[in-house]
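Structural overview
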Amino acid sequence: MAVKIRLKRMGKIRAPFYRVVVMDSRTKRDGRAIEEIGKYHPTEEPSVIEIDMDRAKYWLGQGAQPTEAVAALIKVVDEGKVRVAEAKPSKKDLYEAAIAAAGKGSDAGTSGATTAKKKAAKKADAPAAEAAPEAAEAEKSE
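In short, a report on the structure. (Residues numbered from 1 in each chain as written. Predicted model: local features only at pLDDT ≥ 70, side-chain atom pairs only at ≥ 80, totals over all residues. Heavy atoms only, no water.)

Description of the overall build of the protein chain
Helix and strand counts for the protein chain stand at four helices and five strands. Each helix and strand of the protein chain, ordered N terminal to C terminal, gives the series β-β-β-β-α-β-α-α-α. Counting all 142 residues of the protein chain, 20% fall into the buried class. Across the protein chain, contacts joining residues at least 24 apart in sequence account for 34% of those joining residues at least 6 apart. A total accessible area of about 11,500 Å² is found for the protein chain, and carbon and sulfur atoms account for 53% of it. (Helix = DSSP H or I, 4+ residues; strand = E, 2+ residues; numbered from the N terminus. Buried < 20%, exposed > 50% of the residue type's maximum accessible area, 1.4 Å probe, protein only. Contact = heavy atoms within 4.5 Å. Areas by Shrake-Rupley, 256 points an atom, 1.4 Å probe, with all protein chains shown as cover.)

As for helix H1 (residues 53–61)
Every α-helix carries 3.6 residues per turn, so stepping three or four residues along brings you back to the same face. Taken together, the buried positions of H1 are occupied by Met-53, Ala-56 and Trp-59. End-on, the buried residues of H1 take up no more than an arc of 125 degrees, which puts them together on one face. In this structure, H1 carries Asp-54 and Gly-61 as exposed residues pointing more than 90 degrees from its buried face. Its buried side turned inward, H1 meets strand E1 (3–11), strand E2 (16–24), strand E3 (35–41), strand E4 (48–51) and helix H2 (68–79). Immediately downstream of H1, the backbone of Gly-63 shows phi near 105 degrees, a positive value. (Arc of directions from axis to C-beta.)

Dropping the structure here:
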């Protein structure tokens, strides 16, 4: 059985991503793999390349033949030339920066509400208020 290390295409029509897999060379491109040893996302900036080099070296030692694309990916990972994306700022930091830019600091002492809260009626006044319309109706009927 001829074993190859190749890319298995996944994703949508114009948004592909690939898994680096070990397969029998006679299986179809997206068929069942013997083992998945990595992933490759070419559409992201910078491209995401993650390959388990221990497993790749094991399979290469067993006689598996990498395709041209996988050989290039293994070379990039092995040499350590993989670019890493910058860490994205957290949503909380972005929110605080937007508030500061709007001129409202978090130290202003406000609760952040834009309108005043409605005050609830006092419990002692509530029964009297309900009884008052009934009393007014009784006086009118007399």
